[in-house]
Amino acid sequence: MSDVISRGQIQPIPAIQGLLLQPAQTTPILLADGLTVSYGPPENSVAAVRDVSFTIGAGDRVAIVGESGSGKTTLALALAGFLRGTSAHVTARTLSFDGIDLRAAVGSRLPRKIPGVTMVFQDAMTSLDPLWTVGSQLGVVVRKNETLRRRDVPLRVRHWLGRVGLMDFDRIVRARPYELSGGMRQRVMLAIAIASRPRLLIADEPTSALDASVAREVMDLMTELTEEAQAALLMVSHDLHMCQGYADRILVMLQGRVVEQVAAAQIETAARHDYTRGLLRCVPTLDCFDVPLLPTLCSVAAPG
Amino acid sequence: MVESALQGLQTHSIVKRFGHGRHSHVAVRNVTFCLVPGARVGIVGESGSGKSTLGRLLVGLDTLSEGRITFDGQDLGDILRSRARRLDYRRAVQLVAQDTSSSFDPLRRLRHAVRVPAQQLAGLDQAAADARVDEVLAALGVPEHLADRYPYEVSGGQRQRFALARALVVRPRFLVCDEVVSALDVSVQGQVLNLLKHSCIDTGAALAFISHGLPATAFVASELAVMVRGEIIERGSTADILARSTQAYTRHLLDAHRVSRHGRTHAMQPPAAALVQPVLAPQGFGARAAHLLRRQRWWLARLAALPGQLLVFALLAFALVRMIPGDPVRTITGGQATPDKYAAVQHSLGLDGTLPEQLGRYLGRLVHLDLGTSLLTGRTLTSEFAQRLPATLELATMGLAASLLVTFIASAIAVMRPRSLASVAIRSYAGAAGAIPDFAIGVLGIFLFYATLHWVPAPLGRLALSIQAPPRVTGLPFVDALLSGDQAAIVSMAQHLVLPVLVMIVAHSAVVLQQLIAGLDEELDKPATLFRISTGAPVSTVLLSVYRRALPATVTMAGTVFGYLVGGAIIIESLFGFEGMGQYLTDAVAGADLTAMQGFLVTIATVSLLIFLLVDLCNMLIDPRRRPGVAKDGA
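As the structure is a computational prediction, the values presented were derived from the model and not from experiment. (Residues numbered from 1 in each chain as written. Chains lettered and ligands numbered in written order. Predicted model: local features only at pLDDT ≥ 70, side-chain atom pairs only at ≥ 80, totals over all residues. Heavy atoms only, no water.)

### What about the interface of chain A and chain B?
- Across the contact, 85 residues belong to chain A and 81 residues belong to chain B.
- Roughly 7100 Å² is buried in total at the junction of chain A and chain B, and carbon and sulfur atoms are behind 60% of that figure.
- Looking only at chain A, the three residues that lose the most surface to chain B are A:Arg109, A:Leu131 and A:Leu286, adding up to 12% of its buried area.
- Taken together, the links from chain A to chain B amount to 2 salt bridges.
- Residues A:Asp129 and B:Arg532 are paired through a salt bridge, measuring 3.5 Å at the closest nitrogen-oxygen approach.
- Run the count over chain A and chain B and you get 11 residue pairs in polar contact (both at pLDDT 80 or more).
- Here the side of chain A that touches chain B gets 10 residues from one element, more than from any other, and that element is helix 8 (residues 212–228) of chain A.
- Its residues placed into classes, the side of chain A that touches chain B shows 40 nonpolar, 23 polar and 22 charged. (Contact = heavy atoms within 4.5 Å. Buried area = accessible area lost by both parts, 1.4 Å probe. Salt bridge = Lys/Arg side-chain N within 4 Å of Asp/Glu carboxyl O. Polar contact = N/O pair within 3.5 Å; in protein donor to acceptor, adjacent residues only side chain to side chain. Helix = DSSP H or I, 4+ residues; strand = E, 2+ residues; numbered from the N terminus. Nonpolar A, V, L, I, M, F, W, Y, C, P; charged D, E, K, R; others polar.)

This is how it looks when you write it as structure tokens:
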């Protein structure tokens, strides 16, 4: 069955074909320079993200790692354009995706999509709409992002479900999110996200609600799908090991600042900041089952 | 493994089943497990494996479906039935749960939360309890000043330490920890795990550590038990299981933790067996029709509840009327009535004979839709109400429909353009929901628009006096006017309706509006909305989904308002001189007509029940999760 849904069936849209001609890493699509996000009144504001600068190239896989309260989710929301028109105050010397200025205000209470950027959230149970069937939620996205005759929509819906390994089409199309298992929900969310043809997929804690084995399946799938679509992937997570395995580059956030940018492959040797080295050591692994004490950040280095 | 038959917590082939019949689900299946003093056992498994349920059973928070649990050789059921032994047990066996944000009283300081078990379970006096609290907090490395804060004023990691302190303060012999570090950052996890492991070693407490995180469990526990689909498939020392488990499932779990660090598994994994579930869609016409009927019978289940509810209301009306003090028969006949006359009135009110006889006659008549005969008019109540109820329902429906229209438009403006002046005005109006009662607005409206401005006709009925009422066809006055095609009647009736409907809008749309705006505000910020926007769904789709999710609460509120408009029709109808149920009730009360009052109560209650039936059915249509028999989580 998986042979039927082969890679050949995806027709790249023109913009993606254009990117194929250039080496992925050299084309920055996301530019952030001096990005600061603060909440509250101007005279008494609290900065969640302070003076963060980085770029993401087409097809890059970047991870933002940090503990709760480090500002990583706020950063992701700002990049997805979801903080425009809210009480959050976003400033930056440059903040753009594909030439679109992400600082531009929107007047409406309803956030507006930044073309080419799709964001998935921690838990598919809350990201998917509980009241509509999977078929309807996926169908809406397929119709919006592909030029299709109405009667071809179900075919494309099936195609995308097949791409995430969901073969039991008839049941899943009619199912609502709460009728599926956690792993299936996560796959459905990925199918919808990829069907929206992103050039940058932002994933906020994509696996922290999942069991380890399902988490691995989901990350494998997400990597494969974004690679195939030539889309960049920005994952936000507190799980350093997961990021090591699935990202090319890791940004470490502490108290709103990016304290380290390092290639994932070299993080164990090249990490310079004490906090990064501390984080690396205090992730529990199966090898440390017989140590007397687990390393903690306090025992490794004082943060900040 | 040699198990002590007497010491410790032991389960004997326990089963825990949730739900009944076809919908039942077995969470714990035939588990025999023991926790002997001093042991540290990690119970690992994926979500849905039943490990949390097992934990709750061990501490006696859930009842068993089958099997039994013994504590030091005594049956747990017996222990829990006796107050003294229950306290001993609670002191010996403590649970620490995952979610610390909801397990602390937000209104009390953390010190209080830790002190209470020391006083109530360990029986310490205030000073001794305080000393013990300080001792435990110091052992856990909690800064002393944090104890005087409220639960929401400390971080999740600190709160988890207080949860641990609250359990350790009574020096338990057995500690059950359910996912205590899963919500914490890795660096904090290490601290809590170190504390937990070493306080168990130091105090000799036995530990059952339930978690889906294998590395953390392996560190804390000296033994591991692996759970799948409600069963423990393997148990052994941590080193043994990690190094040489014979179970394929356990190795699969271990691999999942080992691999993530070293990069993706390059071959695309086939979906795990658990993800593939059998096809439910049936084949063939007959089977499909039966399937459809099964799927769609949710509303039948709701409908089946109706007769019972009606009976309750009928009994209530019967009782209420008989609780009115004084003798209604004497009120009607006057003091000098002959015994014959007295008996006749008593009979016509249904008050003769014993109470059970009265009740029997009353219910017998109700079954035949006979509410009795009005004492004042001599006509059957059924015919009286048939004449008046449609008019009242029509007015209430108009009021509700107009209110809903205003509500929807106003809510869209308030939510979509939050900074506009209109939005501010709408929100302040909604905020003042129900502050001014409808009779005040009605009187004010009549004074302003009729007496001062003369924009509307006099509040003396549905029609100008000079115009003849259209022939009765449906009983709904305005519909009858439309059917008659009499232009003068239609115009006059519309003119007379403007002010009452306006009063109902002003008086009653605020509560519905408040509910809807609050629901929309909440739903707009949810990930489900952001995800839809992020994947490029059109604005109309996004709005439709937001409104649909906010609607059920609003529909319920609208049902309440409609019930009020029908039951409380007396106010609008008397203000504007409309004929209807409200006016009839006024007459019945003035004439002490018990039969009429009883009939009125039953009729209005029936209408209310039907309204709420409609509300429920609407909400089940909007939100399929509300349909009976729908599993909330299919995992």
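### Comments concerning the packing of aromatic side chains
- All chains considered together, the criterion is met by 9 aromatic pairs over all chains.
- With centroids separated by 6.5 Å and ring planes inclined at 20°, the aromatic side chains of A:Phe82 and A:Phe121 adopt a geometry described as stacked. A residue pair is termed long-range when its members are at least 10 positions apart, and A:Phe82 in the loop between helix 2 (72–79) and strand 4 (89–91) and A:Phe121 in the loop between strand 7 (117–120) and helix 3 (124–127) qualify at 39 residues. The exposure classification of A:Phe82 matches that of A:Phe121, with both residues buried.
- An aromatic cluster is built from B:Phe71, B:Tyr89 and B:Phe174, whose rings are joined through pairwise contacts.
- B:Lys197 extends its terminal NZ or CZ atom over the ring of B:Phe219, reaching a point 4.2 Å from the ring centre.
- Residue placement shows B:Arg548 over the ring face of A:Trp132; its charged tip is 4.5 Å from the ring centre. (Phe/Tyr/Trp six-rings, centres within 6.5 Å; stacked < 30°, edge-to-face > 60°. Buried < 20%, exposed > 50% of the residue type's maximum accessible area, 1.4 Å probe, protein only. Lys NZ or Arg CZ within 6 Å of the ring centre and 35° of its normal.)

### Concerning the sheet that holds strand 2 (residues 25–35) of chain B
All names here are of chain B.
- Read from one edge to the other, the open sheet built from 4 strands follows the order 2-1-4-5, with strand pairing classed as antiparallel. Each edge of the open sheet carries a strand with a single partner, namely strand 2 and strand 5 (74–75).
- Relative to strand 2, strand 1 (residues 9–18) is paired through 7 bridges, and the arrangement is antiparallel. Within strand 2, the residue paired with Leu 9 across the bridge is Leu 35.
- Relative to strand 1, helix 1 (residues 51–58) is tilted by about 120°, and along the sheet it contacts strand 1, strand 2 and strand 4 (66–71). (Pairing = 2+ DSSP bridges. Axes fitted to C-alpha atoms, helices over the stretch in contact; angles between N-to-C directions.)

### Overview of the environment of B:His25
- Inspection of the secondary structure assignment puts B:His25 in strand 2.
- The exposure class assigned to B:His25 is partly exposed, which follows from its relative accessible area of 43%.

### Here we look at the packing of helix 18 (residues 381–416) of chain B against helix 21 (residues 477–484) of chain B
All names here are of chain B.
- At a minimum axis distance of 8 Å, the contact between helix 18 and helix 21 shows a crossing angle of 95°. Put simply, helix 18 runs roughly perpendicular to helix 21. Seen from helix 18, the contacting residues are Ala 391, Glu 394 and Met 398; seen from helix 21, they are Pro 477, Phe 478 and Val 479.
- A breakdown of the residues in the contact of helix 18 with helix 21 according to their chemical character gives 5 nonpolar, no polar and 1 charged. (Parallel < 35°, antiparallel > 145°, perpendicular 65-115°, else oblique.)

### Here's the deal with the domain arrangement of chain B
- Taken domain by domain, chain B holds domain 1 (33–62 + 93–258) and domain 2 (391–580).
- A separation of 55 Å is found between the C-alpha centroids of domain 1 of chain B and domain 2 of chain B. (Domains from an automatic or database assignment.)

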